[in-house]
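# Results of the structural survey
Each chain, written out:
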Amino acid sequence: QVELVESGGGSVQAGGSLRLSCAASGNTYGRNCMGWFRQAPGKGREWVSSICTGGGATYYAYYADSVRGRFTISQNNAKNTVYLQMVSLRSDDTAMYYCARGVWNGYGENFPVNYWGQGTQVTVSS
């Protein structure tokens, strides 16, 4: 069992920055991906970014085309926390952002999710 607790959302002007945090508790070891999805009103849930490991020391980061170059995913293993640093935010980044964890199938994009965070709202004004 894994619990994911998110923070860092808020309101920001276009061009601004936010850093989202996702603190994981429980069994966080082994082959897995952690990452971020988002959902805007009236739209489906969209994969944003992942960071994956086969259980060793090597991690792989993946990004959706819409955020590549603007968002950076990272983690602090000692704190079991994953971050999403978002810069150059724009109006179409407005969404509820969800932290997620799942088994790694070798592909970071839209990985199968076993656990979801509660979501944190990001609102970008223009």
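The coordinates are above.
A short tour of the structure in this document, coming up. (Residues numbered from 1 in each chain as written. Predicted model: local features only at pLDDT ≥ 70, side-chain atom pairs only at ≥ 80, totals over all residues. Heavy atoms only, no water.)

### Considerations on the overall build of the chain
- Along the chain, the regular secondary structure elements total 0 helices and 11 strands.
- The secondary structure elements of the chain, listed N-terminal to C-terminal, are β-β-β-β-β-β-β-β-β-β-β.
- In terms of principal-axis extent, the alpha carbons of the chain reach across some 40 × 25 × 25 Å.
- Expressed as a percentage of its 126 residues, the buried residues of the chain come to 44%.
- Contacts in the chain between residues far apart in sequence, at least 24 positions, make up 57% of those at least 6 positions apart.
- Summed over all atoms, the accessible surface of the chain reaches about 6,300 Å², with 47% contributed by carbon and sulfur.
- Separation of charge centres in the chain, based on 10 positive and 7 negative side chains, amounts to 4 Å. (Helix = DSSP H or I, 4+ residues; strand = E, 2+ residues; numbered from the N terminus. Buried < 20%, exposed > 50% of the residue type's maximum accessible area, 1.4 Å probe, protein only. Contact = heavy atoms within 4.5 Å. Areas by Shrake-Rupley, 256 points an atom, 1.4 Å probe, with all protein chains shown as cover. Lys, Arg positive; Asp, Glu negative; His and termini not counted. Charge placed at Lys NZ, Arg CZ, Asp CG, Glu CD.)

### What to know about the pattern of salt bridges
- For the coordinates displayed, the defined rule picks out 5 salt bridges.
- When the shortest N-O distance is used, the salt bridge between Arg38 and Asp93 registers 2.9 Å. Here Arg38, found in strand β4 (residues 32-39), pairs with Asp93, found in the loop between β8 (81-86) and β9 (95-102); they are 55 residues apart in sequence, far enough to count as distant.
- Here Arg38 falls in the buried class, since its relative accessible area comes to 5%.
- The partner of Arg70 in a salt bridge is Asp93, with the nearest N and O atoms 2.7 Å apart. Highlighted residues: Arg70 in the loop between β6 (59-63) and β7 (71-76) and Asp93 in the loop between β8 and β9, separated in sequence by 23 residues. The burial state of Arg70 is the same as that of Asp93; both residues are buried.
- Salt bridges sharing partners connect three or more residues here, namely Arg38, Glu46, Arg70 and Asp93. (Salt bridge = Lys/Arg side-chain N within 4 Å of Asp/Glu carboxyl O.)

### Notes on unusual backbone geometry
- Positive phi outside glycine occurs at Asn80, with the angle close to 50 degrees.
- By the element assignment, Asn80 lies in the loop between β7 and β8.
- One non-glycine residue, Ser88, adopts positive backbone phi at about 50 degrees.
- Within the secondary structure, Ser88 is located in the loop between β8 and β9.

### Some details on the environment of Ala61
- By secondary structure assignment, the location of Ala61 is in strand β6.
- For Ala61, a relative accessible area of 41% corresponds to the partly exposed category.
- Sequence separation between Ala61 and Cys33 is 28 residues, and the spatial gap between their C-alpha atoms is 9.4 Å.
- Sequence-distant contacts of Ala61, that is, excluding residues within four places in its chain, are made with Ser50, Ile51 and Ile73.

The values reported here are purely geometric and, on their own, carry no functional implication.
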